[in-house]
Amino acid sequence: MTAHEIDKKTLLAFLEEIKDPEVPVLSIIDLGIVRDIRWNDDELELVITSTYTGCPAMDMITANIRTELATLGFKKIKITQSLSPAWTTDWMSESGKRKLKEYGIAPPDKRFSIPKDGVECPLCHSNNTRLVSEFGSTACKALYQCKDCQEPFDYFKCH
Amino acid sequence: MNEAIINYTLHLADNSLILGQRNSECCGHGPILEQDIAITNISLDLIGQARNFYQHAASLKTDGSTEDSLAYLRTEREYKNCLLVEQPNGDWAQTMLRQFFFSQYQYLLLQQLQHSKDEQIAAIAAKSLKEVAYHLRWSREWVIRLGDGTEESHQRMLKAIDELWRYTGEMFMPAGYEKDSGVDLITLKDEWLKKVNEIFREATLTIPEKIFMQSGGKEGKHTEHLGYILTELQYLQRTYPNCEW
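Residues numbered from 1 in each chain as written. Chains lettered and ligands numbered in written order. Predicted model: local features only at pLDDT ≥ 70, side-chain atom pairs only at ≥ 80, totals over all residues.

## What about the overall build of chain A?
For step 1, the next point in the chain: Counting secondary structure elements, chain A contains four helices and nine strands.
For step 2, the next point in the chain: Along chain A, helices and strands appear, N-terminal first, in the series α-β-β-α-β-β-α-β-α-β-β-β-β.
For step 3, the next point in the chain: For chain A, the C-alpha atoms occupy an extent of roughly 55 × 25 × 25 Å along the three principal directions.
For step 4, the next point in the chain: Taking all 159 residues of chain A together, the buried fraction comes to 34%.
For step 5, the next point in the chain: When contacts within chain A are restricted to residue pairs at least 6 apart in sequence, those whose partners lie at least 24 apart make up 48%. (Helix = DSSP H or I, 4+ residues; strand = E, 2+ residues; numbered from the N terminus. Buried ≥ 20, exposed ≤ 12 C-beta atoms within 10 Å, placed from the backbone. Contact = placed C-beta atoms within 7 Å.)

As structure tokens, then:
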């Protein structure tokens with residue numbers, strides 16, 4: 001094991017602490033947006049991909065990564081944005097999906113890749129729910145209402 | 001050759017930026033909260049696409065251009081968007097019909113562009129396609145709902161068709177820089193017409209008889225509306241050059 005590989009593990013654990021500012025229970029690792037970590041001599045390069053093209057959280061996430069890595073003592077940091085392959089919710093970790101649900105957001109579900117009525121309510125677990133709008137409070141979410149507990153909730157769309 | 005790719009990339013960027021800017025005018029003015037959120041989400045997607053295309057164009061230009069200088073410091077005659085996207089929002093029927101015409105076009109176009117020989121254009125296309133599928137589904141449903149709705153909503157849809165149809169032909173007339181894009185505009189046009197026809201039938205609407213199609217936007221000759229859009233869009237950078245926040 002080389003020094004860089006040891007660093008990589010420490011680094012991954014550290015990146016787990018950087019959260020999505022719009023869904024603060026999810027780390028950037030949970031989201032699957034960190035695609036590669038590599039060293040170019042003494043420069044650390046992080047390859048990240050955006051979730052949605054217009055997601056305003058990306059600039060903030062980039063800034064947060066920079067600040068946090070600087071506190072770890074990394075002097076030369078390069079953050080590269082990669083577009084291909086396009087980000088997909090398939091890259092979201094299982095623990096990420098669990099955390100989303102506990103937070104009150106229904107996680108992506110293949111059966112609802114095109115949003116329709118019936119996504120499980122994250123609050124009372126009923127499937128008696130209705131799609132209110134395919135567009136929600138952020139680009140990645142759709143708006144639902146549970147017909148049993150009456151609560152509105154967000155669904156993290158398959159992408 | 002390189003000039004053609006730059007201009008084509010700018011054309012793709014301008015289409016997305018101008019429609020994004022138009023849709024953003026609805027922010028806080030949508031008919032109900034959910035639809036206001038929907039159209040502003042679409043704005044955000046479109047402006048995100050525009051940023052990706054401008055960044056790519058800037059990297060090809062290698063003259064110090066940036067995504068910001070391309071969006072904020074080009075004049076009306078340098079903008080290469082289609083006339084359709086700069087048309088005013090009008091009422092909700094007009095806003096929805098414009099979105100449907102464009103999303104249906106963009107959906108088919110991006111399907112072709114994801115195989116572009118320009119890798120960056122292909123990557124942006126593949127990524128954007130996922131989002132455009134939502135725009136298309138949403139605007140299509142609105143066209144059906146309004147067309148096959150009440151007498152009033154049907155009349156408004158007819159008026160919107162009357163207003164916008166003349167701007168749809170341009171999308172399929174190749175500009176000089178478009179010839180090497182690898183996009184087959186003839187197939188695109190056939191598929192587009194077929195889809196529009198399907199939705200119109202469901203919406204109890206009909207495609208107008210052959211009428212004269214306006215063009216020129218792709219080559220920088222715009223309707224009077226673009227100047228006003230750019231005035232608002234570029235105000236800050238023109239008044240306070242290089243300002244940042």
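Still to come is the rest of the account.
## A closer look at the environment of serine 69 of chain B
Residue and element names in this part refer to chain B.
For step 1, the next point in the chain: Among the secondary structure elements, serine 69 is positioned in helix 3 (residues 67-72).
For step 2, the next point in the chain: Overall, the presence of 16 C-beta atoms within 10 Å leaves serine 69 in the partly exposed class.
For step 3, the next point in the chain: It is 8.9 Å that separates the C-alpha atoms of serine 69 and alanine 58, two residues lying eleven residues apart in sequence.

## Let's talk about the interface of chain B and chain A
For step 1, the next point in the chain: Taken together, the contacts link 19 residues of chain B with 14 residues of chain A.
For step 2, the next point in the chain: Residue assignment for the side of chain B that touches chain A shows that the elements contributing at least two residues are helix 2 (33-61) and helix 6 (119-147) of chain B.
For step 3, the next point in the chain: When grouped by side-chain class, the residues that make up the side of chain B that touches chain A number nine nonpolar, five polar and five charged. (Nonpolar A, V, L, I, M, F, W, Y, C, P; charged D, E, K, R; others polar.)

## Thoughts on the sheet that holds strand 9 (residues 152-156) of chain A
For step 1, the next point in the chain: One open sheet accounts for four strands, arranged 6-9-8-7 (chain A); its pairing is mixed. With one partner strand each, in any of the chains shown, strand 6 (105-106) and strand 7 (129-133) of chain A form the two edges of the open sheet. (Pairing = 2+ DSSP bridges.)

## Focus on the pairing of strand 8 (residues 141-146) of chain A
Residue and element names in this part refer to chain A.
For step 1, the next point in the chain: A large share of strand 8 lies buried, amounting to five of its six residues.
For step 2, the next point in the chain: Pairing of strand 7 with strand 8, which is carried by four bridges, proceeds in the antiparallel orientation. Counterpart to leucine 131 in the pairing with strand 8 is tyrosine 144.
For step 3, the next point in the chain: Bridge analysis of strand 8 against strand 9 gives five bridges, and the strand direction is antiparallel. Considered in strand 9, the bridge of tyrosine 144 is made with phenylalanine 153.

## Points about the sheet that holds strand 3 (residues 34-40) of chain A
Residues and elements named next belong to chain A.
For step 1, the next point in the chain: Spatially, 3-4-5 is the arrangement adopted by the three strands of the open sheet, whose pairing is mixed. Edge positions in the sheet fall to strand 3 and strand 5 (77-81), since each has one partner strand and no second. Between one strand axis and the next, the sheet turns through 20° on average, direction left out of account.
For step 2, the next point in the chain: Pairing analysis gives six bridges linking strand 3 to strand 4 (residues 43-48), with the strands arranged antiparallel. By the bridge assignment for strand 4, isoleucine 37 is matched with leucine 46.
For step 3, the next point in the chain: Strands strand 4 and strand 5 of the sheet are contacted by helix 3 (residues 57-71), whose axis makes an angle of about 160° with strand 5. (Axes fitted to C-alpha atoms, helices over the stretch in contact; angles between N-to-C directions.)

## Concerning the nonpolar core
For step 1, the next point in the chain: By size, the foremost hydrophobic cluster in this structure holds 95 residues, and its most contacted members are Ala13, Tyr54, Ala57, Leu84 and Leu97 of chain B.
For step 2, the next point in the chain: Each residue touching tyrosine 54 of chain B, except ones within four places of it in the same chain, is listed here: Ala13, Glu67, Leu70 and Ala71 of chain B. (Core = buried A, V, L, I, M, F, W, Y, C linked by C-beta atoms within 7 Å.)

## A closer look at unusual backbone geometry
For step 1, the next point in the chain: Here serine 84 of chain A and proline 85 of chain A are connected by a cis peptide whose omega angle stands at -5°.
For step 2, the next point in the chain: As for its position among the elements, proline 85 of chain A is in the loop between strand 5 and helix 4 (94-103).
For step 3, the next point in the chain: Of note, threonine 62 of chain B is a non-glycine position whose phi angle comes to about 45°, a positive value.
For step 4, the next point in the chain: Despite not being glycine, asparagine 242 of chain B shows a phi value in the positive range, around 65°.
For step 5, the next point in the chain: When you line up the elements, asparagine 242 of chain B lands in the segment after helix 9 (225-239).

## With respect to the packing of helix 2 of chain B against helix 6 of chain B
Residues and elements named next belong to chain B.
For step 1, the next point in the chain: Close contact between helix 2 and helix 6 brings their axes to 11 Å; oriented N to C, the two are set at 165°. Judged by the inter-axis angle, helix 2 sits roughly antiparallel to helix 6. Two packed elements cross with a definite hand, and for helix 2 against helix 6 that hand is left-handed. Between helix 2, through Ala38, Ile42, Asp45, Gln49, Asn52, Phe53 and His56, and helix 6, the contact on the second element is made entirely by Gln120, Ile121, Ile124, Ser128, Glu131, His135 and Trp138. (Parallel < 35°, antiparallel > 145°, perpendicular 65-115°, else oblique. Left-handed = near helix turned anticlockwise from the far one by under 90°.)

## Describing the confidence of the model for chain B
For step 1, the next point in the chain: Here chain B shows a mean pLDDT of 96. Residues at 70 or above account for 100%.
For step 2, the next point in the chain: Interface confidence for the predicted complex, expressed as ipTM, amounts to 0.88; the pTM equals 0.94. (pLDDT = per-residue confidence, 0-100.)

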